[in-house]
Amino acid sequence: QESFRSVTRIFYRGAHCVFLTYDITRDETFANLGEWLKEIQQHAAEDVKIYLIGNKSEMEEQREVQFERAIEFAKAQGIHKVFETSAKTGNNVEDVFSCSGKELFVQAEKESEEAKKDEESKPTPSGKIDERHTLGKRAGGKKKKKGGCC
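It should be emphasised that the depicted structure is a prediction, and the values quoted were computed from it without experimental measurement.

**Student:** Let's hear about the nonpolar core: which residues, and what values?
**Tutor:** Counting residues in each nonpolar core, the largest one holds 19 residues, and the members touching the most others are Leu20, Tyr22, Ile40, Leu52 and Ile79. Among the elements of the structure, strand S1 (17-23), helix H3 (33-43), strand S2 (49-55) and helix H4 (67-77) are those that each provide at least two residues to this core. In terms of residue count, H3 provides more of this core than any other element does, four residues in total. Those residues in contact with Ile40 that lie beyond four places of it in its chain are Tyr12, Val18, Leu20, Val48 and Ile50. By size, the runner-up hydrophobic cluster in this structure holds five residues, among which are Tyr51, Ile53, Val96 and Cys99.

Next comes the structure, spelled out in structure tokens:
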């Protein structure tokens, strides 16, 4: 794990979510979560969403970390969501990505709407309505063509 730490610090910058993953069959991987969480808190954005993921759920007979313990840890640390997955069988893997993707999309939409409201509420230097920002018109007052991107 130590060899990954220096490389992972680079990836925290600009991340919107982090998948904090442990092996349910190895308690020491769960015990290391606190250290990884410190790394995230030091190097990621304050509002980063953290998903706690227990992997190897297909190996129930060798389980060392109970799901309830993971939930307690997540609650205590303010971790966003908790999942158990199996990379081997694919169980819940799609659910993790789907859930995080939807939540990040909603967050991005909300931030975009807030930015748009902030921009619309700013007066122009002359105090007049700036036609460049009027819906359906281009600078110079010409109507936009339908279809296409420009």
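What follows continues from the structure just given.
**Student:** If you had to explain the sheet that holds S1 to someone new, which residues and values would you point to?
**Tutor:** In spatial order, the strands read S1-S2-S3; together these three strands make up an open sheet with parallel pairing. Bordering the open sheet on either side are S1 and strand S3 (81-84), each of which pairs with just one other strand. In this sheet, neighbouring strand axes are inclined to one another by 20° on average, regardless of whether the strands run parallel or antiparallel. Note that S2 and S3 share four bridges and pair parallel. Bridge assignment links Tyr51 to a residue of S3, and that residue is Lys81. Across the sheet, H3 lies against S1 and S2, angled at about 165° from S1, the strand it touches most.

**Student:** How would you explain the confidence of the model for the chain if you had to name every residue and give the values?
**Tutor:** Summing up the model confidence of the chain, the mean pLDDT is 80 and the portion of residues at 70 or higher is 75%. For the chain, per-element mean pLDDT is lowest for helix H1 (residues 2-12), which scores 68, and highest for helix H2 (residues 27-31), which scores 96. Note on residues 129-150: pLDDT is under 50 here. Beyond four places in sequence and across chains, it has 14 contacts.

Here is what the cut-offs are and how they apply
- Residues numbered from 1 in each chain as written.
- Predicted model: local features only at pLDDT ≥ 70, side-chain atom pairs only at ≥ 80, totals over all residues.
- Heavy atoms only, no water.
- Core = buried A, V, L, I, M, F, W, Y, C linked by side-chain atoms within 4.5 Å.
- Buried < 20%, exposed > 50% of the residue type's maximum accessible area, 1.4 Å probe, protein only.
- Helix = DSSP H or I, 4+ residues; strand = E, 2+ residues; numbered from the N terminus.
- Contact = heavy atoms within 4.5 Å.
- Pairing = 2+ DSSP bridges.
- Axes fitted to C-alpha atoms, helices over the stretch in contact; angles between N-to-C directions.
- pLDDT = per-residue confidence, 0-100.

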